[in-house]
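Understanding the architecture of this molecule
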Amino acid sequence: MLSKNTLFEFLYQNLHDQITCGHLKPGDTLPSMPQLAATYNVGIRTVKDVLARLKTEGLIQTTERKPARVIYRAEKNSASQSYAVGLLRRQKSLTEVYQTMGLILPSIFHFSAAHCDIKKLPSYQKLLKKNNFQDTAALDAAFSALLNELLRSSNNLLYNDLYNSLKTYSKVTLAAPKNMLFKYDPETFRLLLAALQSNDYQLVNKRFNDMYLSFSVSVNKYIRKVYKKYQQAEIPEPVYDYNWSAEKGRDHYYTQIARDLIDKIAASIYEPGTLLPYEAVLARNYKVSISTIRKSLALLNEIGFAETINTKGTIVRLPPTFITANCMQNERYKKDTLIYLSALQLMSVIIKPVAVAAAGRIDPQTQKAWRSEFGQPGKVPLALIVNSLIELTELQPLRAILQETNKLLHWGYYLAFHRQNLAGTTDTLCKYTWQAYLYLEARDIEGFSTYLAICFSYILETIRDFIIQHGLQEAAKLATPYKIPDLNIK
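Model, not experiment: these values are computed from the prediction.

1. Focus: the overall build of the protein
For the protein, the helix and strand inventory stands at 21 helices and four strands. Classification of the 490 residues of the protein by burial places 50% in the buried group. Contacts spanning at least 24 positions in sequence make up 78% of the contacts within the protein whose residues lie at least 6 apart. Accessible surface, the protein as shown: approximately 23,600 Å² in total, 52% of it carbon and sulfur.

2. Structural notes on the environment of D28
For D28, the location among the structural elements is in the loop between α1 (2-20) and α2 (33-40). Sequence separation of D28 and V70 is 42 residues, and the distance between their C-alpha atoms is 5.5 Å.

3. Side note on the environment of R371
Following the sequence through the fold, R371 ends up in helix α16 (residues 364-373). Classification of R371 as partly exposed rests on a relative accessible area of 39%. Sequence separation between R371 and L438 is 67 residues; the distance between their C-alpha atoms is 9.7 Å. Leave out the neighbours within four places in its chain, and R371 touches W434, Y437 and E441.

4. What about unusual backbone geometry?
For N155, which is not a glycine, the phi torsion comes out positive at approximately 70 degrees. With respect to the element layout, N155 can be found in the loop between α7 (136-153) and α8 (159-170). Residue classification places N155 among the partly exposed positions, given a relative accessible area of 34%. The phi torsion at K287 lies on the positive side, around 60 degrees, for a residue other than glycine. As for its position among the elements, K287 is in the loop between α12 (279-286) and α13 (290-302).

5. Section: the pattern of salt bridges
A side chain with one charge may pair with a side chain of the opposite charge, provided their charged atoms come close. In this structure the tally under the stated criterion is 13 salt bridges. The shortest N-O distance in the salt bridge between R53 and E57 comes to 3.2 Å. Look at R53 and you get partly exposed, because its relative accessible area is 30%. Of the residues examined, E57 reaches a relative accessible area of 39% and is grouped as partly exposed. The closest approach of N and O atoms between R464 and D465, which form a salt bridge, is 3.2 Å. We classify R464 as buried; its relative accessible area is 11%. For D465, a relative accessible area of 32% corresponds to the partly exposed category.

6. Side note on the pairing of strand β4 (residues 313-316)
Pairing analysis gives four bridges linking strand β3 (residues 306-309) to β4, with the strands arranged antiparallel. Bridge pairing in β4 places T308 opposite T314. Linking two consecutive strands that pair antiparallel, namely β3 and β4, is a turn of three residues; a positive phi of about 75 degrees is found at T311 within it.

7. What about the side chain of T450?
Within the fold, T450 resides in helix α21 (residues 445-469). T450 gets classed as buried once you look at its relative accessible area, which sits at 17%. A distance of 2.7 Å separates the side chain of T450 from the backbone oxygen of E446, its partner in a polar contact.

8. Looking at the side chain of S123
Along the chain, S123 turns up in helix α6 (residues 122-130). Using a relative accessible area of 15% as the deciding quantity, one classes S123 as buried. For S123, the side chain forms a polar contact with the side chain of E149, separated by 2.3 Å. Discounting chain neighbours no more than four positions away, the residues touching S123 are A145, L146 and E149.

Thresholds, definitions, all that
- Residues numbered from 1 in each chain as written.
- Predicted model: local features only at pLDDT ≥ 70, side-chain atom pairs only at ≥ 80, totals over all residues.
- Heavy atoms only, no water.
- Helix = DSSP H or I, 4+ residues; strand = E, 2+ residues; numbered from the N terminus.
- Buried < 20%, exposed > 50% of the residue type's maximum accessible area, 1.4 Å probe, protein only.
- Contact = heavy atoms within 4.5 Å.
- Areas by Shrake-Rupley, 256 points an atom, 1.4 Å probe, with all protein chains shown as cover.
- Salt bridge = Lys/Arg side-chain N within 4 Å of Asp/Glu carboxyl O.
- Pairing = 2+ DSSP bridges.
- Polar contact = N/O pair within 3.5 Å; in protein donor to acceptor, adjacent residues only side chain to side chain.

Have a look at this one:
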């Protein structure tokens, strides 16, 4: 519920600020609900709730099958102050969004560019034909379109959504003065394009990092001017409003519960052949209704992890290999599987800059806790290391992205499908994780971060190839970011 509330508050505050500061004037129409949902990266239900609140507050008027219309008439002085207060509340959040963009987007752009011929992308060709780098507004739109097309070419189902969510939250507000909006200048555009064509990671990283840094500097410079003008105004506590939901429309409680139960089956907390707790017990444990639990159990039955027998209860099952093949014929599970693999690829791409940024805050006690995990039966130290890195991540937007991606990786049932080979897979994964740890002990941060990325690339390659064998050929389009080194590692 926290995620939904955060998204609601973000959209509400953004539209509220635009109306009360006079950017949206009486008689102006708001975008349609689907347009608002796409622009602000939220669900239709959230848009409906926001519009209902704005209507209750007397800011808009809604009519069935027509766009919402602004009816609030802003007073000039109070409107300007309302906008200023909202902007000042978001200062730290905005700065951290830009820092997050500069930290992880270069790696994502570089990976996407390295796996396609950028010169063959339609947006690239369109830019060349226009050959007009002086129209900065058109240039901004054209280059953004190119980046989105570049991310789509990677076949990762998460990159575009993540990039667009960061862009949405990085906007100071649509009510900001036009001369304040940062733009691509022709030289910056040429440098970025040349970097993407070069396949040089260091160059791509530098160009994009410099760009987002300059945007952040521009924003903070403008905010300082606003603060100087309205420093007598009462500024509420700072707000951190970034949120990314990679599972919009599929993050229902019953699905989350089903995945948690499957994780526990995979971890042998619930052994095959034993009974799951009674529905009433599960409802109490998960703090949901019995009907929600029944939906979760129906999902487990459908994919072969349980069999509910009247008068007896729900028996835990370990699905045979053919269940995997059957699931791969179901459009819903195919999409879920591709999102899971996309999350593995995303983590493999961004974990290196994340680890580099957090390495200086890894204390001896944390390292000792990591070391104690190695060699313990059933333990995969990689999970502990990643959770620790998330805790050590200082940027709130980056932490939110890592938590969301990590949540996708906890689905677990794809590894459970692969249970017959899980022991060997886990042993190999632990070897790569151990190598990462040894590099950390030697204070070789490059080696430490690279081997963490290799760990996720190894999981991606292993699970992807298994899934392809069982009917999901689309998975072959998701490339492995890092080459897996020889198994005879130290």
